[in-house]
Amino acid sequence: MNLAAGPAIISRFRVLGVEINIHLSWLAIALLIAWSLATGAFPSLYAGLPRSTYWVMAVIVVLGLAVSIVLHELAHTLVGRAFGMSIERITLFLFGGVAELRDEPKAPLAELLMALAGPAVSVVVSLAFSLSAEALSGAGGSKELAAALGYLATLNMVLAIFNMAPAYPMDGGRVLRAAIWMATGNPERATQIAARAGQAFSALLMLAGVLIALQGQLVGGLWWVLIGLFLRMAATSTLKDITARRLLGGHSISEIMSRRIETAPGNMLIDGFVSDRLYASHHGMYPVVAQDRLLGVVEPADILKTPRDRWADTTLADVCTPLDRVSSARPDEDAFAVLERMRSQRRTHTLVLDRGRLVGMVTLQDLLERLALATAFEPRTAAPTSHPEEHRHGL
């Protein structure tokens, strides 16, 4: 899941050189949290205050929580950078925050320190909010603001403790993975064990959610079920990535690519292309060539951007995506690496180029079918490799 893609990102900014994205789902959950605090939690804890005061307190908590999550993820990011890892971005979304990694730690110590950094910062932030609340109360300041800061202190401590659950891909699960990696020297085996723990923990969360809902707290119960489902999906995705790396890794993309490629001439008009080629062959992407020179590719979306009344005098060369913006791979490139890149870029087709010359094309369907076939014929006792998997790191 690429959280940074599409119109769902409502804000982008940078902190310490790191891109911070705010997903639309974060706005939705922030409003829900604010409403829950202003109409339920705060009136119960601090009775007798004006309704507007409860809403001000709720907004302070929501904004403070957003800052807290960003600081938590920045801690992961900065430690990762210190060990040479590249962090794509941090995104605030429905279930908190996620730091998207381009690559994984190459050693268990890096994994361990990176995993511990987030909860450690959450503890520090919790203490800072707690001390600020006490100082404000001692100086005779706003009791309401002190209460909001105290609530934020509690939330950050809960965030730190919850994230240390030994369930991958949570921070505690990554600590577990690092410990097993150190003990066995096998990162894949460590990831399998940690991911299985993540699946078990997610089942417990969902069961707890159901029990809470049966006691009449429907919203709270549903929330724990959703968190459990999200963690289960993430852990299961990790296990699938391990299998894909083992079965596709070490194989070049030239073993999987199609060498029979249907190209389209750059001087072909759009209306003729649609009626004679697109409807007939149903391909999702066509390389566009002119005098044996590859210009780029054309997809149905490129055609639909052009008004229909211009199809009769517009050529494919006019509307094709230039080659420098097209997803491509070398013939000797690792098949799993290509699969990962296509998924992260949300691409369904990749050209295979040998020194700029088109030699093949591979689709996401080709890779998935090869993976399914390799899985079916894999020996039951296939030995694990020692390559660490790649995935996004999140809360």
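Everything discussed here concerns the structure shown above.
What counts and how
Residues numbered from 1 in each chain as written. Predicted model: local features only at pLDDT ≥ 70, side-chain atom pairs only at ≥ 80, totals over all residues. Heavy atoms only, no water. Helix = DSSP H or I, 4+ residues; strand = E, 2+ residues; numbered from the N terminus. Buried < 20%, exposed > 50% of the residue type's maximum accessible area, 1.4 Å probe, protein only. Contact = heavy atoms within 4.5 Å. Areas by Shrake-Rupley, 256 points an atom, 1.4 Å probe, with all protein chains shown as cover. Lys, Arg positive; Asp, Glu negative; His and termini not counted. Charge placed at Lys NZ, Arg CZ, Asp CG, Glu CD. Salt bridge = Lys/Arg side-chain N within 4 Å of Asp/Glu carboxyl O. Pairing = 2+ DSSP bridges. Core = buried A, V, L, I, M, F, W, Y, C linked by side-chain atoms within 4.5 Å. Expected span 1.5 Å × (residues − 1). Polar contact = N/O pair within 3.5 Å; in protein donor to acceptor, adjacent residues only side chain to side chain. Phe/Tyr/Trp six-rings, centres within 6.5 Å; stacked < 30°, edge-to-face > 60°. Bend = angle between axes of the 7 residues up to and from the residue. Axes fitted to C-alpha atoms, helices over the stretch in contact; angles between N-to-C directions. Parallel < 35°, antiparallel > 145°, perpendicular 65-115°, else oblique. Nonpolar A, V, L, I, M, F, W, Y, C, P; charged D, E, K, R; others polar.

Asker: Would you mind showing me how to read the overall build of the protein chain here?
Answerer: Across its full length, the protein chain carries 12 helices and 12 strands. Along the first, second and third principal axes, the C-alpha set of the protein chain runs to 80 × 60 × 45 Å. Expressed as a percentage of the 395 residues in the protein chain, the buried residues total 46%. Considering only residue pairs separated by 6 or more positions, the protein chain has 65% of its internal contacts joining residues 24 or more positions apart. Counting every atom, the protein chain has about 19,800 Å² of accessible surface; 62% of that belongs to carbon and sulfur. Side chains of the protein chain carry 34 positive and 33 negative charges; the gap between the two charge centres is 3 Å.

Asker: It is not clear to me how the pattern of salt bridges should be interpreted in this structure. Could you clarify?
Answerer: Where charged atoms from two side chains of opposite charge come close, those side chains can pair. The tally for this structure, following the rule as stated, stands at 11 salt bridges. A salt bridge links Glu188 to Arg246, with the shortest nitrogen-to-oxygen separation between them at 3.4 Å. Residue Glu188 is found in helix α6 (residues 187-214), and its partner Arg246 is found in helix α7 (residues 218-248); the two are separated by 58 residues along the sequence. Note that Arg370 is salt-bridged to Glu255, the shortest N-O span being 3.7 Å. Taken together, the residues Arg370 in helix α12 (residues 364-377) and Glu255 in the loop between α7 and β5 (264-265) connect sequence positions 115 residues apart. Residue classification places Arg370 among the partly exposed positions, given a relative accessible area of 26%. Residues joined by salt bridges that share partners form a network here, namely Glu111, Arg174 and Arg177.

Asker: What exactly am I supposed to notice about the sheet that holds strand β6 (residues 286-290) here?
Answerer: Think of a sheet as strands paired side by side through backbone hydrogen bonds, with each pair either parallel or antiparallel. If you trace the 4 strands from one edge of the open sheet to the other, you get β5-β6-β7-β8, paired in mixed fashion. Since the sheet does not close on itself, it has two edges, and those belong to β5 and β8 (321-322), each with one partner. Across 2 bridges, β5 lies against β6 in parallel orientation. Paired with Ala264 across the bridge in β6 is Val288.

Asker: Which parts of the structure should I look at to understand the nonpolar core?
Answerer: Looking at soluble globular proteins, one finds that nonpolar side chains tend to be buried together. Judged by nonpolar contacts, the single largest core of 36 residues is most densely connected at Trp26, Phe42 and Leu92. Of all the elements in the fold, those that place two or more residues in this core are β2 (18-23), α1 (24-45), α2 (51-82), β3 (87-93), β4 (96-101), α3 (108-138) and α4 (143-163). If one sorts the elements of this core by residue count, α2 sits on top with 10 residues. Not counting the four nearest positions on each side in its chain, Trp26 is found in contact with Val62, Leu65, Ala66, Ile69, Leu92, Phe93 and Leu94. Judged by nonpolar contacts, the second largest core, of 17 residues, contains Ile256, Met257, Val338 and Leu367.

Asker: Just to check I follow, could you spell out α6 for this structure?
Answerer: Every α-helix carries 3.6 residues per turn, so stepping three or four residues along brings you back to the same face. With 28 residues, α6 ought to run about 40 Å at 1.5 Å a step, and its terminal C-alpha atoms sit 41 Å apart, in line with that. One side-chain oxygen at the N-terminal end of α6 lies 3.1 Å from the backbone nitrogen of Glu188; it belongs to Asn186. After α6 finishes, the residue Gly216 shows a positive phi value of roughly 105°.

Asker: Even after reading the chapter, I still don't get the sheet that holds strand β10 (residues 349-354), so can you show me in this structure?
Answerer: The sheet built from 3 strands is open, its strands ordered β9-β10-β11 with mixed pairing. Each of the sheet's edge strands pairs with one partner strand only, and the pair in question is β9 (328-329) and β11 (357-363). Across 6 bridges, β10 lies against β11 in antiparallel orientation. Paired with Leu351 across the bridge in β11 is Met361.

Asker: Explain the packing of aromatic side chains to me, please; I cannot follow it from the model alone.
Answerer: Any pair of aromatic rings gets described here by the distance separating the centres and the angle formed by the planes. For the structure shown, the criterion picks out 5 aromatic pairs. The interplanar angle of 50° and the centroid separation of 6.1 Å between the aromatic rings of Phe42 and Tyr46 together place this pair among those described as tilted. Its relative accessible area of 30% is what places Tyr46 among the partly exposed residues.

Asker: Teacher, can you tell me more about α1 here?
Answerer: When the terminal C-alpha atoms of α1 are compared, their 30 Å separation across 22 residues agrees well with the 32 Å that a helix rising 1.5 Å per residue should span. Maximal helix bending in α1 amounts to about 45°, located at Leu37. Residues of α1 that are buried include every one of Ser25, Trp26, Ile29, Ala30, Ala34, Leu37, Ala38 and Phe42, and no others. Contacts made by the buried residues of α1 are with β2, α2, β3, α4 and α7.

Asker: So what exactly am I meant to see when it comes to the environment of Ala329 here?
Answerer: Within the fold, Ala329 resides in strand β9. For Ala329, a relative accessible area of 4% puts it in the buried group. Separated by 65 residues in the primary sequence, Ala329 and Ala264 place their C-alpha atoms 20 Å from one another. Not counting residues up to four positions away in its chain, the partners in contact with Ala329 are Val338, Arg341, Thr350, Leu351, Val352 and Leu353.

Asker: Whenever I open this one, the packing of α7 against helix α11 (residues 335-345) confuses me. Can you help?
Answerer: Each pair of packed helices can be described by the angle between their axes along with the distance between the axes. Where α7 meets α11, the closest approach of the two axes is 8 Å, and the angle between their N-to-C directions is 140°. Here α7 lies oblique to α11, going by the angle between them. Touching Asp241, Ala244, Arg245 and Leu248 of α7 are Ala335, Phe336, Leu339, Glu340 and Arg343, all from α11. Tallied by class, residues from the contact of α7 with α11 come to 5 nonpolar, no polar and 4 charged.

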